[in-house]
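Now for the letters of each chain:
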Amino acid sequence: MKAAVFYGKGDIRVDEHYPMPAVGPESVLIQVKACGVCGTDVHIYGGAQGATECNPPVILGHEFSGVVTQVGSAVTRVKVGDHVTVNPNISCDACDQCRRGNPHFCDSMAATGVNFDGGFAEYCSVLERQVFKVPDSVPFEEAALCEPVACALHGIDLCGIKPGDTVMIIGGGTIGMMMLQLARLCGAVRVVMLEPNEKRFDLARKLGADLVLNPLKDDVKAELARNGFDDIRVTIECVGRPETVQYAIEYAGKAATAMIFGLTDPDCAIPYYPFQAFKKELTIKTSYVNPDPQGRAAAIIASGRLNLHDLISDRVPLSDIGAAFLPGPRNGKTVILP
């Protein structure tokens, strides 16, 4: 089969004759139809660590969907021909964290597309417990985004958004646009987005933003006051840069929650002013991977209540995957098509 193999920092090569994956008794073989390029893939490609330690050579790609083509002898929940998406995370279910209900903190956490061959290939084998069915009517490109939707959903759960709340989304990339829509689904009545790329403004408004500001040009505090956004209950940082983390703390209202969701570089540090958080009785939260929302994410995608189509900006053939890792800004999600 054709596969893009990661050999180390800056080195990913397409192999036209990579061995087909083995299918064990509890495994499912998937013909991959679409695989998203995650920020974690880019971090690993650049030499950084992902959520778990990557030891190449390995096939990256953990956001994917496809069609079941073979099932193991012990598989009962899915059958050949089913359209599926995959939760890449594999926990042991036996360590203290797993038994406490925190499988994303598993002592021996592993992941398809990081530790085991993933979706940047024509076929991928995963455990049945990793697989979630989606209706045939859901486009494969959108089903492939179930994993990032699940991660965003875990972050949203931790934010505790209530009907009637005002929410600020910081960063209008793929995750920010997902968070914007999920905040609306949770009952946020007003949403403001901070985003310096004004090409993204129209999409933000289309997806439900009431106010979109450029923090590099606009007087954010003045614009918030002028538009009546003076009681922001939740801020969600979706960029992973020092200045945007500071925005999340600065613009959060009294007794608010600031969610630091964006993936920073491992050595990233920011100035922190405890008095600023103290005088607002601020709750600062972070979100790591996703412990259990994959099924809910698949259900939301199947319902059609998320616009994922407009978040996909680039479709790259597997044979040209190197183009997806070139440096430079992206307007949205890149999807690899085997």
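Conventions adopted
Residues numbered from 1 in each chain as written. Predicted model: local features only at pLDDT ≥ 70, side-chain atom pairs only at ≥ 80, totals over all residues. Heavy atoms only, no water. Helix = DSSP H or I, 4+ residues; strand = E, 2+ residues; numbered from the N terminus. Contact = heavy atoms within 4.5 Å. Areas by Shrake-Rupley, 256 points an atom, 1.4 Å probe, with all protein chains shown as cover. Expected span 1.5 Å × (residues − 1). Buried < 20%, exposed > 50% of the residue type's maximum accessible area, 1.4 Å probe, protein only. Pairing = 2+ DSSP bridges. Right-handed = clockwise from strand over helix to strand, strands pointing away. Core = buried A, V, L, I, M, F, W, Y, C linked by side-chain atoms within 4.5 Å. Disulfide = S-S within 2.5 Å.

This part is about the overall build of the chain. From N to C terminus, the chain includes 10 helices and 18 strands. Principal-axis analysis of the C-alpha atoms places the extent of the chain at approximately 60 × 40 × 40 Å. Considering only residue pairs separated by 6 or more positions, the chain has 70% of its internal contacts joining residues 24 or more positions apart. Split by element, the accessible area of the chain, about 15,100 Å² in all, is 50% carbon and sulfur.

Think of an α-helix as 3.6 residues a turn; residues three or four steps apart then line up on the same face. With 14 residues, helix 4 (residues 146-159) extends 20 Å between its outermost C-alpha atoms, agreeing within 8% with the 20 Å of an ideal straight helix rising 1.5 Å per residue. Among the 14 residues that make up helix 4, 12 are buried, leaving the element largely enclosed by the rest of the structure. All buried positions along helix 4 are accounted for by Cys 146, Glu 147, Pro 148, Val 149, Ala 150, Cys 151, Ala 152, Leu 153, His 154, Gly 155, Ile 156 and Cys 159. At the exit of helix 4 stands Gly 160, carrying a positive phi of roughly 65°.

As a further point, take the environment of Gly 72. By the secondary structure assignment, Gly 72 is in the loop between strand 5 (63-71) and strand 6 (83-86). Residues Gly 72 and Val 23 lie 49 residues apart in sequence; the distance between their C-alpha atoms is 6.2 Å.

Burial within strand 11 (residues 166-170) is extensive, with 5 of its 5 residues counted as buried. Neither face of strand 11 is exposed, since Thr 166, Met 168 and Ile 170 on one face and Val 167 and Ile 169 on the opposite face are all buried. With 5 bridges joining them, strand 11 and strand 12 (residues 190-194) adopt parallel strand pairing. Residue pairing across strands places Val 167 opposite Val 191, the latter belonging to strand 12. What joins strand 11 to strand 12 is helix 5 (residues 174-185), and the crossover it makes is right-handed. Bridging between strand 11 and strand 14 (residues 234-237) involves 4 bridges; their strand directions are parallel. Bridge pairing in strand 14 links Val 167 to Val 234.

This part takes up the pairing of strand 1 (residues 3-8). With 5 of 6 residues buried, strand 1 is to be regarded as a mostly interior element. Here strand 1 pairs with strand 2 (residues 11-15) via 5 bridges, running antiparallel. Its bridge partner lying in strand 2, Ala 4 is registered against Val 14. Linking strand 1 back to strand 2 in an antiparallel pair, the connection comprises 2 residues, with Gly 10 at a positive phi of about 70°.

Overall, antiparallel pairing links the 3 strands, which are arranged 2-1-4 in an open sheet. Edge strands, defined here as strands with exactly one partner in the open sheet, are strand 2 and strand 4 (58-59).

Before going further, it helps to examine the nonpolar core. Among the nonpolar cores identified, the biggest contains 45 residues, and Ile 161, Val 167, Ile 169, Met 179, Leu 180, Ile 236 and Leu 308 are the most heavily contacted of them. Looking at this core, the elements with two or more residues in it are helix 4, strand 11, helix 5, strand 12, helix 6 (201-206), strand 14 and helix 10 (294-303). A per-element tally of this core places helix 4 first, with 8 residues. In this view, Ile 161 contacts Ile 156, Val 167, Ala 183, Cys 186, Ala 188, Val 234 and Ile 236; residues no more than four positions away in its chain are not counted. Counting 37 residues, the second-largest nonpolar core is a separate cluster that includes Phe 6, Phe 64, Val 68 and Val 131.

Here we take up the state of the cysteines. Applying the stated criterion across every chain, the model contains 0 disulfides. We note that Cys 98 lacks a disulfide partner, and the nearest cysteine sulfur, in Cys 95, lies 3.7 Å from it. Residue Cys 106 stays outside any disulfide, its sulfur separated by 3.6 Å from that of Cys 92, the closest cysteine. Accessibility expressed as a relative area gives 7% for Cys 106, which makes it buried.

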